[in-house]
Amino acid sequence: MTYEEKAEQAILNDILRCNPCADITAPMYRPVSDTDKIRYYEKHLPLVSYVRDQAVNFIFSNGLTTGDEESNQRLQDWLYSKNLNGITNYDVFKDAVGNALWEGECGIREYEGNLYMVKRGYYAILTRVADGIEFIVGYLIRQDGKELDKDTIKLKKDYETISEIFERFSENKLILLDETQFVNLRNSTAHLHGDPPALRDQERLTLLLSEYQHLNYDLDFDGPGRIVLHVDSGITSSELAPTSEIVNQSQGAVLSRNEKALLEAKRLANDIKTSSSDAVVVVSGAFSEKITHLPRVTRSTDDFFREWIRNEGVILAQDIGISPSLIELGDISGNVSMEKIVDNAIENTVIPLRENYSSQASDLISRIANVPKAYFDKYKLSQIADINNDRHTVTSMIRDLANAQKNAPSPDKEELSSMLVEYLAESLKDSQGNIADLKDKR
């Protein structure tokens with residue numbers, strides 16, 4: 001390859017790389033810590049807040065109760081009393097559950113008889129390993145309320161008693177809390193810090209983020225794709241002026257022409273890259289008439305990406321652990337009543353979530369509110385309630401027909417009564433022929 005050919009190839013490579021051109025697409029921020037990743041997804045995926053809040057609303061739709069009228073009044077009085085921040089204990093508990101659903105964990109601290117939420121990253125778990133089991137000794141928060149560098153601190157064997165542990169960490173302006181003052185509310189108790197959906201399903205969520213970013217890019221910049229400009233062979237050779245042939249063949253002249261060609265290539269590449277769809281770009285004679293256009297391969301308008309954006313809510317609902325049908329997302333197929341769909345979703349997703357969070361916080365709430373126990377109130381299944389209303393109506397009709405038979409016996413009335421009895425008997429059976437469940441569930 002001649003010197004001129006090498007120079008031309010270098011110019012073309014530089015155009016393709018477009019290194020000197022200003023890149024208007026800012027690189028996607030890549031969070032480092034797990035907490036940063038969780039909150040980054042929450043900030044940039046628009047449906048996170050909606051799905052999480054809807055899940056919380058269903059969990060708390062029937063409120064908390066003790067099952068006893070007298071103690072339940074004490075519980076309600078305490079739940080709606082306010083802490084020093086003017087927030088009711090009920091709202092603190094709701095917010096903590098919402099944070100635990102998405103971030104995997106959230107702390108609830110008792111202070112002067114009320115609850116305060118401590119978000120992930122603002123407290124550390126003290127653990128000790130004994131006989132191969134890592135168990136929780138206590139919790140640490142900073143006196144100034146700021147974030148901690150570590151979320152887990154394994155204690156050494158040198159510190160055997162709680163008093164020694166407290167003395168050690170109080171010197172570092174930290175507060176040590178035990179299980180009577182603090183609860184680490186987790187979406188999964190199988191993990192020390194819960195199981196954050198954003199870390200469990202990073203591939204799909206990252207794809208959603210990339211699609212939103214690409215869509216915004218397409219809206220802001222109507223890019224043409226890659227354009228390859230072919231340099232005119234005369235710009236780097238001696239084919240300029242016959243009268244100065246000897247001068248133009250010198251090494252210095254060739255280098256000067258190459259440098260000018262490179263600058264012109266950079267200018268044109270930058271103009272094309274940053275131009276709008278109605279811009280006019282001036283091309284000098286340094287380039288040949290041949291231009292190669294390489295269309296963009298990936299577009300946000302592709303059906304694949306549109307489908308991903310449409311399914312964002314469904315994906316997030318699955319990650320959080322709630323049925324998409326409850327929050328009016330996803331496709332419903334088959335001849336199934338809406339009441340049945342809601343009841344199944346409540347039974348299979350909401351009730352287990354209620355049990356998970358109430359079992360973790362019940363001891364702390366019960367002790368502070370001075371009640372025997374605290375749990376979520378029962379949920380009345382819509383389908384069962386409707387069927388029981390129908391059964392009650394049919395029973396009343398049978399009773400009225402039986403009374404009418406006493407006063408004026410009639411074969412027609414007897415036949416109608418038999419039909420109603422048969423209908424009532426069939427309604428008491430499920431699809432397997434067993435007695436149906438007539439009770440409400442939590």
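In this report, we go over the structure that sits alongside the text. (Residues numbered from 1 in each chain as written. Predicted model: local features only at pLDDT ≥ 70, side-chain atom pairs only at ≥ 80, totals over all residues. Heavy atoms only, no water.)

### Description of the overall build of the protein
Summing up its helical and strand segments, the protein has 15 helices and 11 strands in all. A total of 442 residues make up the protein; the buried ones form 39% of that total. Sequence separation of 24 or more characterises 70% of the internal contacts of the protein that already satisfy a separation of 6 or more. (Helix = DSSP H or I, 4+ residues; strand = E, 2+ residues; numbered from the N terminus. Buried < 20%, exposed > 50% of the residue type's maximum accessible area, 1.4 Å probe, protein only. Contact = heavy atoms within 4.5 Å.)

### A short note on the packing of helix α3 (residues 48-59) against helix α5 (residues 89-103)
Viewed as axis vectors pointing N to C, α3 and α5 meet at an angle of 130°, and their least axial separation amounts to 9 Å. Put simply, α3 runs oblique to α5. Handedness of the crossing formed by α3 with α5: right-handed. Along its contact with α3, which presents Val48, Arg52, Ala55, Val56, Asn57 and Ile59, the element α5 presents Lys94, Val97, Gly98, Leu101 and Trp102. Split into classes, the residues belonging to the contact of α3 with α5 amount to 7 nonpolar, 2 polar and 2 charged. (Axes fitted to C-alpha atoms, helices over the stretch in contact; angles between N-to-C directions. Parallel < 35°, antiparallel > 145°, perpendicular 65-115°, else oblique. Left-handed = near helix turned anticlockwise from the far one by under 90°. Nonpolar A, V, L, I, M, F, W, Y, C, P; charged D, E, K, R; others polar.)

### Topic: the environment of Ile322
Note on placement: Ile322 falls in the loop between α12 (312-320) and α13 (338-369). Here Ile322 falls in the buried class, since its relative accessible area comes to 2%. Apart from the residues lying within four places of it in its own chain, the contact partners of Ile322 are Val51, Ala55, Phe58, Ala317 and Thr349.

### Some remarks on the sheet that holds strand β4 (residues 124-130)
Spatially, β6-β4-β5-β7 is the arrangement adopted by the 4 strands of the open sheet, whose pairing is mixed. Two strands close off the open sheet at either side, each with one partner strand: β6 (152-154) and β7 (174-177). Ignoring which end each strand starts from, the neighbouring axes of this sheet average 35° apart. Relative to strand β5 (residues 133-142), β4 is paired through 7 bridges, and the arrangement is antiparallel. Its bridge partner being in β5, Arg128 is matched across the sheet by Phe135. (Pairing = 2+ DSSP bridges.)

### Section: unusual backbone geometry
The residue Asp131 is not glycine, and still its phi comes out positive at about 55°. Among the secondary structure elements, Asp131 is positioned in the loop between β4 and β5. The backbone of Asn370 sits at a positive phi, close to 60°, despite the residue not being glycine. The residue Asn370 is located in the loop between α13 and β11 (375-376) in this model. Assessed through its relative accessible area of 55%, Asn370 is described here as exposed.

### Describing the environment of Tyr40
Mapped onto the elements of the fold, Tyr40 is located in helix α2 (residues 34-44). Note on Tyr40: relative accessible area 13%, which makes it buried. Sequence separation of Tyr40 and Ala198 is 158 residues, and the distance between their C-alpha atoms is 9.3 Å.

### Here we look at the packing of aromatic side chains
Two descriptors summarise a pair of aromatic rings, namely the distance from one centre to the other and the angle between the planes of the rings. Across all of its chains, the model carries 8 aromatic pairs by this definition. Here Phe60 and Phe376 contribute two aromatic rings whose centre-to-centre distance is 5.0 Å and whose plane-to-plane angle is 85°, an arrangement assigned as edge-to-face. Linking Phe60 in the loop between α3 and β1 (64-65) with Phe376 in strand β11, this pair joins segments that are 316 residues apart in sequence. Note on Phe60: relative accessible area 6%, which makes it buried. Aromatic rings pair up to connect Phe60, Tyr80, Tyr90, Phe93 and Phe376 into one cluster. (Phe/Tyr/Trp six-rings, centres within 6.5 Å; stacked < 30°, edge-to-face > 60°.)

### What to know about the pairing of strand β8 (residues 182-186)
Burial analysis of β8 places 5 of its 5 residues in the buried class, which makes it a mostly covered element. Every second residue of β8 is oriented toward a common face, with Phe182, Asn184 and Arg186 on one face and Val183 and Leu185 on the other, all of them buried. Of the strand pairs in this sheet, strand β2 (residues 105-111) and β8 are connected by 5 bridges, and their pairing is antiparallel. The residue of β8 that forms the bridge with Ile108 is Val183.

### Here's the deal with α12
Across the 9 residues of α12, 8 count as buried, placing the element largely inside the fold. Within α12, burial applies to Glu312, Gly313, Val314, Ile315, Leu316, Ala317, Asp319 and Ile320. Downstream of α12 by a residue or two, Gly321 has a phi angle that is positive, lying close to 105°.

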